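Per-entry structural report
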Amino acid sequence: HLPSALVYRRKNGLRLPLYDWYRDKNSVGHYVDLLVDNTAQQRGIYNTAFIKKALADFSAGNNRYAKAIIMLTNLELWHRTFNL
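Residues numbered from 1 in each chain as written. Predicted model: local features only at pLDDT ≥ 70, side-chain atom pairs only at ≥ 80, totals over all residues. Heavy atoms only, no water.

Secondary structure assignment for the chain yields five helices and zero strands. Against the 2.2 N^0.38 benchmark of 12 Å for 84 residues, the chain shows a C-alpha radius of gyration of 18 Å, more extended than a compact globule. Its C-alpha atoms put the chain at 60 × 30 × 20 Å along the principal axes. Taken over 84 residues, the chain has a buried fraction of 23%. Across the chain, the fraction of contacts at a sequence separation of at least 24, relative to all contacts at a separation of at least 6, is 59%. (Helix = DSSP H or I, 4+ residues; strand = E, 2+ residues; numbered from the N terminus. Rg over C-alpha atoms; globule rule 2.2 N^0.38 Å. Buried < 20%, exposed > 50% of the residue type's maximum accessible area, 1.4 Å probe, protein only. Contact = heavy atoms within 4.5 Å.)

Structural data, given as structure tokens:
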């Protein structure tokens with residue numbers, strides 16, 4: 001039996017520490033470096049100056065561009081997976 005306060009409380013979503021993971025180079029954070037390597041730059045679809053600024057801000061603890069960094073990292077991984 002569970003306490004009624006627990007059973008009838010508002011739904012609470014699962015929060016993942018994505019920003020921490022993407023900052024940690026020992027975790028998935030090493031993938032963000034793919035955004036500024038030669039392969040990504042030769043693709044010609046990224047604004048490298050923006051990405052470098054966004055990564056510097058993100059590394060300094062600013063989350064302003066965090067979602068963009070995560071999405072672009074996933075896009076680059078998708079490109080590399082499917083050899084596009």
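Having seen the model, we can carry on.
Time to look at helix 5 (residues 66–81). Taking 1.5 Å as the rise per residue, helix 5 with 16 residues should run 22 Å; its terminal C-alpha atoms sit 22 Å apart, in good agreement. Ala66, Ile69, Ile70, Thr73, Glu76 and His79 are the residues of helix 5 that are buried. Looking at the buried residues of helix 5, the elements they touch are helix 2 (18–23), helix 3 (38–43) and helix 4 (48–59). Phi turns positive, to about 50°, at Asn83, one or two residues after helix 5. (Expected span 1.5 Å × (residues − 1).)

Take the packing of aromatic side chains next. Given two aromatic rings, one states the distance between the centres and the angle between the planes to describe the pair. Summed over the entire model, instances satisfying the criterion amount to three aromatic pairs. With 6.4 Å between their ring centres and 85° between their planes, Tyr19 and Phe58 make a pair best called edge-to-face. Taken as a pair, Tyr19 in helix 2 and Phe58 in helix 4 lie far apart in primary sequence, 39 residues in all. With relative accessibility at 26%, the residue Tyr19 sits in the partly exposed group. Pairing Phe50 with Tyr65 gives two aromatic rings, centres 5.1 Å apart and planes at 85°, and the pair type is edge-to-face. (Phe/Tyr/Trp six-rings, centres within 6.5 Å; stacked < 30°, edge-to-face > 60°.)

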